[in-house]
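As a plain string of letters, each chain reads:
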Amino acid sequence: MKYLSTRAVATDSIERKRFCEILLEGLAPDGGLYLPEHYPQVDDATLLKWRSVYHDQGYAALAFEVLSLYIDDIPATDLKAICDKTYTEAVFGSKEIVPLKKLEVASTDAAQTTLYLEALSNGPTLAFKDMAMQLLGNLFEYELARRGEELNILGATSGDTGSAAEYAMRGKKGVRVFMTSPFGRMSPFQQAQMFSLMDENIHNIAVDGVFDDCQDLVKAVSNDLDFKRKYKIGTVNSINWARLMAQVVYYFAGYFQATQANTEKVSFTVPSGNFGNVCAGHVARMMGLPIDKLVVATNENDVLDEFLRTGVYRVRGSADTHETSSPSMDISKASNFERFVFDLLNRDGARVNVLFGDTLAKEGRFDLRADPAFSQAATRYGFESGKSTHADRLATIQATFEHFGVMIDTHTADGVKVAHEHLQPGVPMIVLETALPIKFAATIVEALGREPDRPARFEGIEALPKRVTRMTADVDAVKAYIVQHCQ
Ligand SMILES: *Cc1c(COP(=O)(O)O)cnc(C)c1O
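In this text the structure is predicted, and so the values were computed from the model without any measurement. (Residues numbered from 1 in each chain as written. Predicted model: local features only at pLDDT ≥ 70, side-chain atom pairs only at ≥ 80, totals over all residues. Heavy atoms only, no water.)

### Focus: the pattern of salt bridges
Evaluation of the coordinates by the stated rule reveals 34 salt bridges. Two residues, D160 and K439, come together in a salt bridge whose shortest N-O distance is 2.9 Å. You can see D160 sitting in helix α7 (residues 160-169) and its partner K439 sitting in the loop between β14 (429-433) and α19 (441-448), a full 279 residues away along the chain. When sorted by exposure, D160 lands in the same class as K439, which is buried. Between R351 and D371 there is a salt bridge, with the nearest N and O atoms lying 2.6 Å from each other. Placement of R351 in helix α15 (residues 349-363) and of D371 in the loop between β12 (365-367) and α16 (372-379) is noted, with a sequence separation of 20 residues between them. (Salt bridge = Lys/Arg side-chain N within 4 Å of Asp/Glu carboxyl O. Helix = DSSP H or I, 4+ residues; strand = E, 2+ residues; numbered from the N terminus. Buried < 20%, exposed > 50% of the residue type's maximum accessible area, 1.4 Å probe, protein only.)

Listed below in structure tokens is the structure:
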């Protein structure tokens, strides 16, 4: 399997790379995102086999089957060991790893429709990002050891990504993490999760500023190519193909739990920000998983919903980016969206290059309304969308708790709200649960008048000693800190 950039021009001379080459890279050199040259096709016999692999041997074995189609430069025994080590009941809390919870059965005249939650948030940091990041940590450690190299991961987080990265990389050989976050802006639980880590290879930097300031610092350091090379600076952001690939697996696992036979279809609703999670659903569907609809749920930051409704992709300035109660979806542009547009435009890299590298930079938007490809987003690729507001989240959290005794977090609530608007008779709808309510306690209290449940291992976490360095938003200070802690 080879990988190409979404901005690659289709000539024979373009560079194609293997998995381990792109594993430690961020963007492609031309500014595009990596995708496999083709999507491996899963036929009926394979799907049948994978169904029993998941039920009989478990999630790690299923992950190995899926990943083997995308990774051919790690020996099979090693890849199997990495999957087995990553997806354990001890780390993810259940034998199923991503168990389905039946929420309700909505009766229509024609048939019944079951709504499920797929639990993706029982990993170390209680958000779905653990599903991919835990694998990435083990892949990084493996590949760095093989090369005899080191990596210093520099990141910016508003909460979930940073903690998922730190819990995945803690104690790993050859990797250090330098994670910037906006001082005082994460929820107390999120701060406690990150800052209580005492591992020597984990460094928290609280920046006086907002999330954008943190992101600017990371960009400024990465743009200093000499510094980047000398100090082996890398990233773990959501455009990394390995993260997306890891997420493909749970679409299969969700399908196998919701259906009895491969003739059945399901739909998924995915709370979306940077389009990484739902893009993995798109890949699963392209591989042949019988997915009917992929419903994109946004909050007030509705860049994606707007595109899917109108054909106009319009990125927002930071002043137009709303701070909401589902903060992990507060994005001004969707960094993984380029991957889907590449497929939508029949993999015309030259055109993607113009749209994302030029039009978007100059005009802040592009318009595919008049393009026949646009209507295929729905007809050929199954995409639908909807949005949700703070009031919707409160109402959905209340209704779900009242009727089913299930407490959901604010992001998952965006998904459940939008899913209800897209139910189809006879097609089970699976909503991806992207975080547990304890991470966003203030809104749960607002909705339910009580504190969310807290997994026992997080009892008293806010009282633990904290390890964090506070800094002004100064590039030189960040660089100096990295240099000092790189020995
Ligand atoms: C990151 C995140 C999202 C958004 O996922 P994308 O892959 O960026 O679309 C949604 N919910 C939660 C809780 C998250 O942490």
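### Digging into the nonpolar core
If you look at the biggest cluster of nonpolar residues, it comprises 118 residues, and the most contacted ones within it are Y70, Y251, F252 and F337. Here this core gets 14 residues from one element, more than from any other, and that element is helix α11 (residues 241-258). Excluding residues that lie within four positions of it along the chain, Y70 makes contacts with M1, Y3, F19, P36, Y39, P40, W241, M245, V283 and M287. The next biggest cluster of nonpolar side chains, apart from the first, holds 19 residues, and it includes I397, V406, V418 and A419. (Core = buried A, V, L, I, M, F, W, Y, C linked by side-chain atoms within 4.5 Å. Contact = heavy atoms within 4.5 Å.)

### Digging into the site of the ligand
In the vicinity of the ligand lie 15 residues, with K129, D160, G273, N274 and N277 positioned nearest. At 2.5 Å, a side-chain N or O of K129 approaches an oxygen atom of the ligand. T434 is positioned with one of its side-chain polar atoms (N or O) 2.9 Å from a nitrogen atom of the ligand. Expressed as a share of its isolated accessible area of 390 Å², the protein-covered part of the ligand is 97%. A breakdown of the residues in the shell around the ligand according to their chemical character gives 5 nonpolar, 8 polar and 2 charged. (Near = heavy atom within 4 Å. Polar contact = N/O pair within 3.5 Å; in protein donor to acceptor, adjacent residues only side chain to side chain. Areas by Shrake-Rupley, 256 points an atom, 1.4 Å probe, with all protein chains shown as cover. Nonpolar A, V, L, I, M, F, W, Y, C, P; charged D, E, K, R; others polar.)

### Topic: helix α8 (residues 188-195)
With 7 of 8 residues buried, α8 is to be regarded as a mostly interior element. F189, Q190, Q191, A192, Q193, M194 and F195 are the residues of α8 that are buried. The elements touched by buried residues of α8 are α7, β6 (175-182) and β7 (202-208).

### Considerations on the pairing of β7
Where burial is concerned, most of β7 is hidden: 6 out of the 7 residues are buried. Note that β6 and β7 share 6 bridges and pair parallel. Residue pairing for β7: M179 is matched across the bridge by N204. With α8 bridging β6 and its parallel neighbour β7, the resulting β-α-β unit is right-handed. Strand direction decides the pairing type here: β7 and strand β15 (residues 469-472), joined by 4 bridges, are parallel. In the strand pairing of β15, A206 is matched with R470. (Pairing = 2+ DSSP bridges. Right-handed = clockwise from strand over helix to strand, strands pointing away.)

### Observations concerning the packing of α11 against helix α12 (residues 276-287)
The geometry of α11 relative to α12 is characterised by a closest axis approach of 8 Å and an angle of 65° between their N-to-C directions. The way α11 lies across α12 gives a crossing that is right-handed. Facing W241, L244, Q247, V248, Y250, Y251 and F252 of α11, the residues of α12 in contact are G276, N277, V278, C279, A280, G281, V283, A284 and M287. A class-by-class count of the residues in the contact of α11 with α12 yields 12 nonpolar, 4 polar and no charged. (Axes fitted to C-alpha atoms, helices over the stretch in contact; angles between N-to-C directions. Left-handed = near helix turned anticlockwise from the far one by under 90°.)

### What about the packing of aromatic side chains?
Taken as a whole, this structure holds 26 aromatic pairs when the rule is applied. Residues F252 and F256 carry aromatic rings whose centres are separated by 6.4 Å and whose planes lie at 45° to one another, so their mutual orientation is tilted. Remark: F256 and F252 occur in helix α11; sequence separation between them is 4 residues, near one turn of the helix. Each residue in the set F275, F307, Y313, F337, F340, F356, F366, F374, Y381 and F383 is aromatic and connected to the rest through ring pairs, giving one cluster. Lying across the ring of F64, K80 places its NZ or CZ 6.0 Å from the centre. The ring of F183 has R470 lying over it, and the distance from NZ or CZ to the ring centre is 3.7 Å. (Phe/Tyr/Trp six-rings, centres within 6.5 Å; stacked < 30°, edge-to-face > 60°. Lys NZ or Arg CZ within 6 Å of the ring centre and 35° of its normal.)

### Here's the deal with unusual backbone geometry
One non-glycine residue, L126, adopts positive backbone phi at about 65°. Turning to its location among the elements, L126 is positioned in the loop between β4 (112-119) and α6 (129-147). Residue L126 is classed as buried on the basis of its relative accessible area, which comes to 1%. Of note, K232 is a non-glycine position whose phi angle comes to about 50°, a positive value. Structurally, K232 is set in the loop between α10 (225-230) and β8 (233-234).

### Section: the sheet that holds β6
Pairing in this open sheet of 5 strands is parallel, and the strands run β8-β5-β6-β7-β15 from one edge to the other. Two strands bound the open sheet, and with one partner strand each, they are β8 and β15. Of the pairings in the sheet, the one linking strand β5 (residues 151-156) to β8 comprises 2 bridges and is parallel in character. Bridged to N152 within β8 is I233. Across the sheet, helix α9 (residues 211-223) is in contact with β5, β6 and β7; its angle to β5 comes to roughly 150°.

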